[in-house]
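What the coordinates show
Spelled out from the first residue to the last, the chains are:
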Amino acid sequence: MRQPAAAEQRGDGRNIVLIGPMGSGKSTVGAALARRLHRPHVDSDHFFVARHGPIPEYFSLHGEDAFRAEEQSIVAELLDSPRPSVISLGGGAVLSAGTRELLRDQQVVLLDLTEDQAALRLGDGSSRPILGAHPVQAWKRIYAEREQIYRDCADIVMTPDDAHIDVRVDHIVRALNTTSRRDPSV
Ligand SMILES: Nc1ncnc2c1ncn2[C@@H]1O[C@H](COP(=O)(O)OP(=O)(O)O)[C@@H](O)[C@H]1O
Ligand SMILES: O=C(O)C1=C[C@@H](OP(=O)(O)O)[C@@H](O)[C@H](O)C1
Ligand SMILES: [Mg+2]
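This one's a predicted model, so the numbers in the text were calculated from it and none came from an experiment.

1. Some points on helix H9 (residues 165-179)
Residues three or four positions apart in an α-helix share a direction because the helix packs 3.6 residues into each turn. With 15 residues, H9 should cover 21 Å at 1.5 Å per step; its first-to-last C-alpha distance of 21 Å lies within 8% of that length. Listed as buried for H9 are Val 169, Ile 172 and Leu 176. All buried residues of H9 project into a common sector of 65 degrees when viewed along the axis, lining one side. Exposed residues lying more than 90 degrees from the buried face of H9 are Val 167, Arg 174, Asn 177 and Thr 178. Tucked inside the fold, the buried residues of H9 contact strand S1 (16-19), helix H2 (26-37), strand S4 (107-111) and strand S5 (156-158).

So, in structure tokens, the structure goes:
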């Protein structure tokens, strides 16, 4: 996890950025968190789809490297928002060194989840092309490959729990309030 001292040096008015593995709730919890904090919510995957069409089709036509490059430029656009927002990233966005650099000035929250939760939440995995034909096995492998990257990017780590989405939001707001100088709802 990033050191609080470094976090303290960053200015206020930062975006809250949700990172984490597929199925951790970045999109769903991100939308609920934004409603709670009266901030705009944006999701890098939603922008991607609006611009380029469905992610599985884009992967099969152009490949993952092209997806990552476009994802990075979308993240840069979203972070440049005039109002501090809640921004949900795709699970692999942190693979790009350029994206990780962009996150250094933001308030980054890692949502974690257990393997059992992932198995319940991913369904057949068809909307996430990186999971392939065996989604749970692929998810486990990808989780292991990325875990340290997620932790290195995060100011706050939300450990897995079985809380309802609204309760998960309560926990995140509490964590934000205890690690930042200002109330995130301001
Ligand atoms: N805290 C939670 N409790 C129960 N279900 C959740 C929770 N967070 C996410 N989900 C469910 O898991 C699925 C994946 O969530 P999603 O927000 O798409 O994850 P991500 O964007 O991180 O891949 C969705 O069906 C969502 O409703
Ligand atoms: O982890 C990944 O590489 C991906 C995660 C997906 O987003 P979610 O984490 O919101 O499912 C989406 O960006 C794409 O399918 C690739
Ligand atoms: Mg998502």
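Picking up where we left off.
2. Examining the UniProt feature "binding site: Mg(2+)" (unreviewed entry) in the protein
As recorded in UniProt, the sites labelled "binding site: Mg(2+)" (unreviewed entry) are Ser 27. With respect to the helices and strands, Ser 27 occurs in helix H2. Since 17 C-beta atoms lie within 10 Å of it, Ser 27 is described here as partly exposed. Apart from the residues lying within four places of it in its own chain, the contact partners of Ser 27 are Asp 43 and Ser 88.

Conventions and cut-offs
Residue indices begin from 1 for each chain and proceed along its sequence in written order. Written order determines the labels here, with chains lettered from A and ligands numbered from 1. Where totals are concerned, whole chains, interfaces and linings use all residues; where local detail is concerned, this predicted model gives features only for residues with pLDDT of at least 70, and gives and counts side-chain atom pairs only at 80 or more. Helix and strand definitions here come from DSSP, where helices need a minimum of 4 consecutive H or I residues and strands a minimum of 2 consecutive E residues; each element is numbered from the N-terminal end. The length a helix should cover is 1.5 Å for every residue beyond the first. In this scheme the burial state of a residue depends on its C-beta neighbours within 10 Å: 20 or more other such atoms mean buried, 12 or fewer mean exposed, and anything in between means partly exposed; the C-beta positions come from the backbone. This arc is built from the directions going out from the helix axis to the C-beta atoms. The contact criterion used is a C-beta to C-beta distance within 7 Å, with each C-beta placed from the backbone. UniProt positions are given in the numbering used here, feature names are shortened, and annotations may be inferred rather than shown by experiment.

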